[in-house]
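One-letter residues, chain by chain:
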Amino acid sequence: MMQTARPLSALGFGVGRIGSVLRVLPDEVAIALSYNGTTQAVMMATPADLDDFARGFSLTEGLASSDEIESMTPVETDRGIDLQIWVSDAAEARLATRRRTMAGPVGCGLCGIDSLTEAMRTPPVVASSLMFSADDIMQAVADLTAHQPLHDQTHAVHAAAFWTPDTGITAAREDVGRHNALDKLAGAVSRTPGLAATGAVILTSRVSIDMVQKCAALGAPVLIAVSSPTAAAVNMADAAGLTLVALARPDRFQVFTHSSRIAEQRSAHVA
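Residues numbered from 1 in each chain as written. Predicted model: local features only at pLDDT ≥ 70, side-chain atom pairs only at ≥ 80, totals over all residues. Heavy atoms only, no water.

S.K.: In this structure, what is going on with helix α6 (residues 178–189)? I would like to understand it.
M.R.: Every α-helix winds through 3.6 residues per turn, so residues three or four apart in the chain are directed the same way. The end-to-end C-alpha distance of α6, which contains twelve residues, comes to 17 Å, matching closely the 16 Å that a straight helix rising 1.5 Å per residue would cover. Taken together, the buried positions of α6 are R178, H179, N180, A181, L182, D183, K184, L185, A186, G187, A188 and V189. Where the residues of α6 are buried, they touch β4 (38–45), α1 (50–60), β8 (158–164), β9 (168–175), β10 (200–203) and α7 (209–218). (Helix = DSSP H or I, 4+ residues; strand = E, 2+ residues; numbered from the N terminus. Expected span 1.5 Å × (residues − 1). Buried < 20%, exposed > 50% of the residue type's maximum accessible area, 1.4 Å probe, protein only. Contact = heavy atoms within 4.5 Å.)

As structure tokens, then:
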């Protein structure tokens, strides 16, 4: 398997000095996601957790659920990795319809989007009575720092993690792309049915519409981000029944939507 990071030399400049430095940098490779022999999307991503990536991308983009994925094989080529995903007949029929209406090249986070309407789609409403305390939110953010080994090496990747009040962070994934990190996390969490409804997704990145759509598709009721959301993402989260927490730090945060899930004091957690 391709490496996720490697040391490279650079020329370092400082006040009154110049010299050679060695930095560990994250790798990114072209990863094609192919379904039943036909490529659906190509993403630049960190070559790790590829099975989670395949499952998460399939889920959050509405292509196939976990139980519709029959097999996944990563095939290395001289130009990247082809994730060969084989899905059920029902999923293949949806994919065939989508390919016939595909509008052309797409941008970051919108791979495989068929139309402007699809890009702005409102995901299914997240229904959950799960409650978090303010302390829970701040603890979740504080816990994230211990689950970013690639960031510690390179300072150049995003992370997505899943946190529950009872167990803390149960899964964390890193990638050069913020969407890829979230897709990899979604793939990991989706392996346990019902798990997504019991906790919160934490992101190191800003929150855009597509990140809200992916989180809602996973079924997590709370999305916590250390950066800011876009105005459109706030509107989308509100429509999706998602509690959007942003600008989160270990000592403060702001809640933009569905604040009723956040209590000032700790209380019983009911999913």
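S.K.: How do you make sense of the pattern of salt bridges when you look at a structure like this?
M.R.: Any two side chains of opposite charge can pair, so long as their charged atoms come close to each other. Taken as a whole, this structure holds eleven salt bridges when the rule is applied. With a shortest N-O distance of 3.0 Å, R191 and D52 are connected by a salt bridge. With R191 in the loop between α6 and β10 and D52 in helix α1, this residue pair connects regions lying 139 residues apart in the sequence. A relative accessible area of 6% means that D52 is categorised as buried. Its salt-bridge partner being D183, residue K214 comes within 3.0 Å of it at the nearest N-O pair. Linking K214 in helix α7 with D183 in helix α6, this pair joins segments that are 31 residues apart in sequence. Taken individually, K214 and D183 each receive the classification buried, so the pair is uniform in this respect. Members of the salt-bridge network, linked through shared partners, are D49, D51, D52, R55, R173 and R191. (Salt bridge = Lys/Arg side-chain N within 4 Å of Asp/Glu carboxyl O.)

S.K.: Is there a simple way to think about the pairing of β10 in this case?
M.R.: Consecutive side chains of a regular strand alternate in pointing toward one face of the sheet and then the other. Neither face of β10 is exposed, since A200 and I202 on one face and V201 and L203 on the opposite face are all buried. Here β8 runs beside β10; their pairing, made up of four bridges, is antiparallel. Its bridge partner lying in β10, A160 is registered against L203. For β10 and strand β11 (residues 222–225), the ladder comprises four bridges, and the chain directions are parallel. Looking at the pairing, A200 lines up with V222 of β11. (Pairing = 2+ DSSP bridges.)

S.K.: For this particular structure, what's the right way to read the packing of α6 against α7?
M.R.: When two helices pack together, their arrangement is given by the angle between the helix axes and by the axis-to-axis distance. At a closest axis distance of 10 Å, the pairing of α6 and α7 adopts a crossing angle of 0°. Comparing the axis directions of α6 and α7 gives the class roughly parallel. Contacts between α6 and α7 involve R178, H179, L182, D183, A186 and V189 on the former and, on the latter, D210, M211, K214, C215 and L218. (Axes fitted to C-alpha atoms, helices over the stretch in contact; angles between N-to-C directions. Parallel < 35°, antiparallel > 145°, perpendicular 65-115°, else oblique.)

S.K.: I would appreciate a short explanation of the packing of α7 against helix α8 (residues 231–239) in the present structure.
M.R.: Between α7 and α8, the shortest axis-to-axis distance is 8 Å and the interhelical angle comes to 25°. Considered as vectors, α7 and α8 are oriented roughly parallel to each other. With respect to the hand of their crossing, α7 and α8 are arranged in right-handed fashion. Every residue of α8 that contacts α7 at I209, V212 and Q213 is listed here: A232, A233, M236 and A237. Grouping the amino acids of the contact of α7 with α8 by side-chain chemistry returns six nonpolar, one polar and no charged. (Left-handed = near helix turned anticlockwise from the far one by under 90°. Nonpolar A, V, L, I, M, F, W, Y, C, P; charged D, E, K, R; others polar.)

S.K.: I'm lost on the nonpolar core in this one. Help?
M.R.: Nonpolar side chains in soluble globular proteins generally cluster together in the buried interior. Counting 27 residues, the largest nonpolar core has L185, V201, L203, V207, V212 and L223 as its most contacted members. Counting only elements with at least two residues in this core, the list comes to β8, α6, β10, α7, β11 and α8. If you tally residues by element for this core, the top one is α6, at six residues. For L203, the residues in contact, after removing those within four places along its chain, are A159, A160, L182, M211, L223, I224, A225 and V226. If you look at the next biggest cluster of nonpolar residues, it comprises 21 residues, including L50, M72, V87 and A91. (Core = buried A, V, L, I, M, F, W, Y, C linked by side-chain atoms within 4.5 Å.)

S.K.: What exactly am I supposed to notice about the sheet that holds β4 here?
M.R.: Strand pairing in a sheet relies on backbone hydrogen bonds. The paired strands run either parallel or antiparallel. The strand order across the open sheet built from four strands is β4-β3-β6-β5, with neighbouring strands paired in mixed fashion. A strand with exactly one partner marks an edge of an open sheet, and here the two such strands are β4 and β5 (69–77). Taken over all neighbouring pairs, the strand axes of this sheet differ in orientation by 20° on average, direction set aside. One ladder, built from eight bridges, connects β5 with strand β6 (residues 80–87); its direction is antiparallel. In the strand pairing of β6, M72 is matched with I85. Taken strand by strand, α1 contacts β3 (29–35), β4, β5 and β6, and its axis lies near 55° from that of β3.

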